[in-house]
Protein chains: 2
Amino acid sequence: MHALGRHVLAEIYGCEFGILNDEKKVEEIMVNAALAAGADVRESIFHKFSPQGVSGVVVISESHLAVHTWPEYGYAAVDVFTCGEKVSPWEACRYVASELGAAHLNATEVHRGLFADPHQKAVNL
Amino acid sequence: MHALGRHVLAEIYGCEFGILNDEKKVEEIMVNAALAAGADVRESIFHKFSPQGVSGVVVISESHLAVHTWPEYGYAAVDVFTCGEKVSPWEACRYVASELGAAHLNATEVHRGLFADPHQKAVNL
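In this text, all values refer to a predicted model and were calculated from it rather than measured experimentally.

**Regarding the overall build of chain A**
Thought 1: Counting its secondary structure elements, chain A contains three helices and six strands.
Thought 2: The secondary structure elements of chain A, listed N-terminal to C-terminal, are β-α-α-β-β-β-β-α-β.
Thought 3: Counting only C-alpha atoms and orienting by the principal axes, one finds that chain A spans roughly 50 × 25 × 25 Å.
Thought 4: With 125 residues in all, chain A has 52% of them scored as buried.
Thought 5: Excluding contacts between residues fewer than 6 apart, the proportion of contacts in chain A whose partners are at least 24 apart in sequence is 60%.
Thought 6: Across chain A, 9 positive and 16 negative side-chain charges occur, with their mean positions spaced 4 Å apart.

Set out below in structure tokens:
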């Protein structure tokens, strides 16, 4: 089986309120996570919500990284989608958890675009 | 158990090459999917890749929608993350599959940010 993409969904708990609520800091962490994982950063957009929380996405040549934070729960939902062999989605997740000062990181990898053979049609999963 | 977010991962197969490779069309479909699902669109960024393929993200007040297309396989990887009760991630996925002229849609919902009680600390999953 050949997967076109790797998608890691990371549940990041026990983070620092101040970091999770700082739009610029969260953006810096996500962009640096992409770079640390070996990705080619194309563009990023981040928004701050009222009364708290940050959402943002980093588009990379190899797909994307996204984050949504709930500072009041010390929680960040992160997902990292990569294609190709060069970039490790796990490295990006570990970097983010570490920079958010997280107590716990629970993550799962989902294989996206599974084909029995890359030149053949899709299989039903 | 209370989940802060709903994250639907959609595998969309058997789509039309011409649509999957058209950056403007894919962006229009994703933004309209967000609107059709009742979301408040903040910003979107899309990129076209060489020799083919489109990646893009729509940031909504309720989280995000992302897409990565492989026109050569007729395949699109879509994920829709929503929070709150107002927006249905499934509605957005169905809209995208329909507009891409897809033959198959296989999707899974992942609950993000599961807390035993929203005012208590996180549980380990």
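**Let's talk about helix α2 (residues 23-36) of chain B**
All names here are of chain B.
Thought 1: Spanning 14 residues, α2 covers 20 Å between terminal C-alpha atoms, matching the ideal 20 Å at 1.5 Å per step.
Thought 2: Among the residues making up α2, those that are buried are Val26, Glu27, Ile29, Met30, Val31, Ala33 and Ala34.
Thought 3: The elements touched by buried residues of α2 are α1 (17-20), β2 (41-48), β3 (54-60), β4 (63-70), β5 (75-83) and α3 (89-99).
Thought 4: Sitting at the head of α2, Asp22 places a side-chain oxygen 3.2 Å from the backbone nitrogen of Lys24.
Thought 5: One or two steps after α2, the chain reaches Gly38, where phi turns positive at roughly 90°.

**Concerning the sheet that holds strand β1 (residues 2-13) of chain A**
All names here are of chain A.
Thought 1: Spatial ordering of the open sheet is given by β2-β3-β4-β5-β1-β6, a layout of six strands whose pairing is antiparallel. With one partner strand each, in any of the chains shown, β2 (41-48) and β6 (104-115) form the two edges of the open sheet. Between one strand and the next, the sheet's axes are offset by a mean angle of 10°, whatever the strand orientation.
Thought 2: For β1 and strand β5 (residues 75-82), the ladder comprises seven bridges, and the chain directions are antiparallel. From the neighbouring strand, Ile12 faces β5, where its bridge partner is Ala76.

**So, the interface of chain A and chain B**
Interfaces are frequently sized by the accessible area removed from exposure as the parts join.
Thought 1: With 40 residues of chain A in contact, the opposing surface of chain B contributes 40 residues.
Thought 2: Surface buried jointly by chain A and chain B totals about 3600 Å² across both partners, of which 64% is contributed by carbon and sulfur atoms.
Thought 3: Its largest share of buried area at the contact with chain B, chain A owes to A:Ile45, A:Tyr73 and A:Arg112, together 17% of the area lost on that side.
Thought 4: Linking chain A with chain B are two salt bridges.
Thought 5: Here A:Glu11 ties to B:Arg112 by a salt bridge, and the two come within 2.4 Å at their closest N and O atoms.
Thought 6: At the boundary of chain A with chain B, the tally comes to 15 residue pairs in polar contact (both at pLDDT 80 or more).

**Here's the deal with the pairing of β3(B)**
All names here are of chain B.
Thought 1: Most of β3 sits inside the fold, with seven of its seven residues counted as buried.
Thought 2: Bridge count between β2 and β3: seven bridges; the pairing is antiparallel. For Ile45, the partnering residue across the bridge sits in β3 and is Val57.
Thought 3: Counting the residues between successive antiparallel strands, the hairpin from β2 to β3 contains five residues, one of them, Gly53, with a positive phi of roughly 110°.
Thought 4: Where β3 lies against β4, six bridges are found, and the strand directions are antiparallel.

Criteria and thresholds
- Residues numbered from 1 in each chain as written.
- Chains lettered and ligands numbered in written order.
- Predicted model: local features only at pLDDT ≥ 70, side-chain atom pairs only at ≥ 80, totals over all residues.
- Heavy atoms only, no water.
- Helix = DSSP H or I, 4+ residues; strand = E, 2+ residues; numbered from the N terminus.
- Buried < 20%, exposed > 50% of the residue type's maximum accessible area, 1.4 Å probe, protein only.
- Contact = heavy atoms within 4.5 Å.
- Lys, Arg positive; Asp, Glu negative; His and termini not counted.
- Charge placed at Lys NZ, Arg CZ, Asp CG, Glu CD.
- Expected span 1.5 Å × (residues − 1).
- Polar contact = N/O pair within 3.5 Å; in protein donor to acceptor, adjacent residues only side chain to side chain.
- Pairing = 2+ DSSP bridges.
- Axes fitted to C-alpha atoms, helices over the stretch in contact; angles between N-to-C directions.
- Buried area = accessible area lost by both parts, 1.4 Å probe.
- Salt bridge = Lys/Arg side-chain N within 4 Å of Asp/Glu carboxyl O.

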